[in-house]
Amino acid sequence: MKRSLLAIAAAAALLGGAMPASATRSARHLLPTRLVGVHDATQVISVVSGEYGATSATVRAFAKRNGRWHQVFGPWRAWIGYNGFAPRGAKREGDGRTPSGSYTFSFFFGVDRDPGGVHYPWRHAHRYDVWDDDSSSPRYNEWVNTRRHSAGRSPEPLHVVPAYRDVAVIDYNTTRTPGRGSAIFLHVTHHSATNGCVSLPRSEVIALLRWLRPSHQPRIIMGTAATVTR
């Protein structure tokens, strides 16, 4: 992991030294005070690319303590949709794009059991569990146990490795508007672009899952730099 500018600043302070002004400005530029959609969150994950069409993005995680933001994780390289980010409100089912915007998390799941130390509800993904991505289905954009309910046409299997060994469900399209996109997750990478999710190496995913706490009203803010910063 690269040392962040904030870590360098902290080290300089401990040693009685000063951080270069240009580096200080860059560090401030990374903080959630510049991000759109933080709301009341005191934990924020940013997923930012330089331009539309890029299939990778930079991930950083921030925590607010004593009224000030601090970088906790990153910068990390993540894969996003194979067609990059969708502009705000433009995400559509099957377009291969990751939605732009600010979102909360609902629950975590995985093929494996709870890795321990997580604070969100955890669901085990069995072979009969799928995610309904059929816009014409009454259970569109929902987890479905196929032993009990129909999941529409070509649902997304959830018992899949390595991608779904450990997963955070991003609260995208919670109104389940047909055609607006479904099954947007933060999950383990398969080392290529996704269908619209955000993926990272497993060690980084687990670090984030253990760090996130519902009481901190965490947000994941995603999009191009021009879209998500002031």
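Rules of the game
Residues numbered from 1 in each chain as written. Predicted model: local features only at pLDDT ≥ 70, side-chain atom pairs only at ≥ 80, totals over all residues. Heavy atoms only, no water. Helix = DSSP H or I, 4+ residues; strand = E, 2+ residues; numbered from the N terminus. Buried < 20%, exposed > 50% of the residue type's maximum accessible area, 1.4 Å probe, protein only. Contact = heavy atoms within 4.5 Å. Areas by Shrake-Rupley, 256 points an atom, 1.4 Å probe, with all protein chains shown as cover. Core = buried A, V, L, I, M, F, W, Y, C linked by side-chain atoms within 4.5 Å. Salt bridge = Lys/Arg side-chain N within 4 Å of Asp/Glu carboxyl O. Pairing = 2+ DSSP bridges.

K.L.:
I'm lost on the overall build of the protein chain in this one. Help?
P.N.:
Each helix and strand counted, the protein chain has four helices and 15 strands in total. Looking at the 230 residues of the protein chain, the share that counts as buried comes to 49%. Partitioning the contacts of the protein chain with sequence separation of at least 6, the portion at a separation of at least 24 is 60%. For the protein chain, the accessible area works out to roughly 10900 Å², and carbon and sulfur atoms hold 51% of it.

K.L.:
Sorry, what's going on with the nonpolar core here?
P.N.:
The nonpolar side chains of a soluble globular protein tend to be buried, and buried together. In this structure, I45, V47 and L208 are the most contacted members of the largest nonpolar core, which totals 32 residues. Discounting residues that sit within four places of it in the chain, I45 has contacts with V59, R60, A61, F105, L208, W211, L212, R219, I220 and I221. With 14 residues, the next largest nonpolar core counts L158, A163, V167 and A183 among its residues.

K.L.:
Please explain the pattern of salt bridges as it appears in this structure.
P.N.:
Side chains bearing opposite charge may pair, as long as their charged atoms lie close to each other. In the structure shown here, the tally under the stated rule is seven salt bridges. Its salt-bridge partner being K91, residue D95 comes within 2.8 Å of it at the nearest N-O pair. Here D95 and K91 have matching classes, each one buried. For D134, the salt bridge identified is with R153, shortest N-O distance 3.2 Å. Here R153 lies in the loop between β10 (143–145) and β11 (156–157) and D134 lies in the loop between β9 (129–131) and β10, a separation of 19 residues in the sequence. A residue is classified by how much of its surface remains accessible, and R153, at 59% relative accessible area, is exposed. The structure contains a network of salt bridges with shared partners spanning D112, R165, D166 and R202.

K.L.:
Just checking my understanding: could you explain the pairing of strand β12 (residues 167–170) for this structure?
P.N.:
As a general feature of sheets, a regular strand has side chains that alternate between the two faces. Across the two faces of β12 the burial is the same, with V167 and V169 and A168 and I170 all buried. Of the pairings in the sheet, the one linking strand β7 (residues 105–110) to β12 comprises three bridges and is antiparallel in character. Bridge pairing in β12 links F108 to A168. Note that β12 and strand β13 (residues 185–188) share three bridges and pair antiparallel. Note on β13: the bridge partner recorded for V167 is H187.

K.L.:
Sorry, what's going on with the side chain of S46 here?
P.N.:
With respect to the secondary-structure elements, S46 resides in strand β1 (residues 43–49). You can call S46 buried: its relative accessible area is 5%. The residues contacting S46, other than those within four sequence positions of it, are L35, T58, V59, R60, F62 and I221.

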